[in-house]
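Structural description and commentary
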Amino acid sequence: MNEKQTGSELWRRKFEPVTDWKPASESSGAYSGPRAMIEDALAGIGKSKDALTKALEPFSEEARTKIKDMVGVLDDVASKSSTEARSFLANILAVMAEKIKPK
């Protein structure tokens, strides 16, 4: 009898109307879903780029000021120093330039 109830339950489930059916959302085209997701992602990237630019701007201004001050000091030292001191300074600057060079 238990098998009969199980069998009738399966038949009932198979032929009953679907109760959790929902209509599809309206869209302007076949690719509007993925296109909208891509546009949202690009907008988020643009906002992140703008925020990063605003955050780094004070650092870049400070770096420019420090570099200008350092150039003045290095120029003064190089013009008044011996050949050995200038060679030492050139080597240090070359090492620094290699470290900060973009790859």
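Residues numbered from 1 in each chain as written. Predicted model: local features only at pLDDT ≥ 70, side-chain atom pairs only at ≥ 80, totals over all residues. Heavy atoms only, no water.

Looking at the overall build of the protein chain
Within the protein chain, the regular secondary structure consists of 3 helices and 0 strands. Traced from its N-terminal end to its C-terminal end, the protein chain shows the element sequence α-α-α. Burial status across the protein chain gives 1% buried among its 103 residues. Taken as a whole, the protein chain presents about 10000 Å² of accessible surface, with 62% of it coming from carbon and sulfur. (Helix = DSSP H or I, 4+ residues; strand = E, 2+ residues; numbered from the N terminus. Buried < 20%, exposed > 50% of the residue type's maximum accessible area, 1.4 Å probe, protein only. Areas by Shrake-Rupley, 256 points an atom, 1.4 Å probe, with all protein chains shown as cover.)

Concerning the confidence of the model for the protein chain
Considering every residue of the protein chain, the mean pLDDT works out to 77; 69% of them sit at 70 or more. Ranking the helices and strands of the protein chain by mean pLDDT puts helix H3 (residues 83–100) first, with 86, and helix H1 (residues 2–15) last, with 66. (pLDDT = per-residue confidence, 0-100.)

Details of a nonpolar patch on the surface
Taken together, the side chains of Met-70, Phe-88, Ile-92, Leu-93 and Met-96 make up a nonpolar region of the molecular surface, amounting to roughly 440 Å² of accessible area. In terms of residues, the nonpolar patch owes the most to one element, H3, which gives 4 residues. Following the sequence through the fold, Met-70 ends up in helix H2 (residues 32–80). A residue is classified by how much of its surface remains accessible, and Met-70, at 37% relative accessible area, is partly exposed. (Patch = residues over 30% accessible without salt bridge, like charges linked within 9 Å, V, L, I, M, F, W, Y side chains within 5 Å. Salt bridge = Lys/Arg side-chain N within 4 Å of Asp/Glu carboxyl O.)

Considering the pattern of salt bridges
On inspection of all chains with the given rule, the structure shows 4 salt bridges. Where Asp-76 meets Lys-80, a salt bridge forms, and the shortest distance between an N and an O atom there is 3.2 Å. Of the two residues, Asp-76 and Lys-80 both sit in helix H2, 4 residues apart, roughly one turn of that helix. The class of Asp-76 is partly exposed, set by a relative accessible area of 38%. Residue Lys-101 is joined to Glu-98 by a salt bridge in which the shortest nitrogen-to-oxygen separation is 3.7 Å. On the basis of relative accessibility, which here comes to 46%, the residue Lys-101 falls in the partly exposed class.

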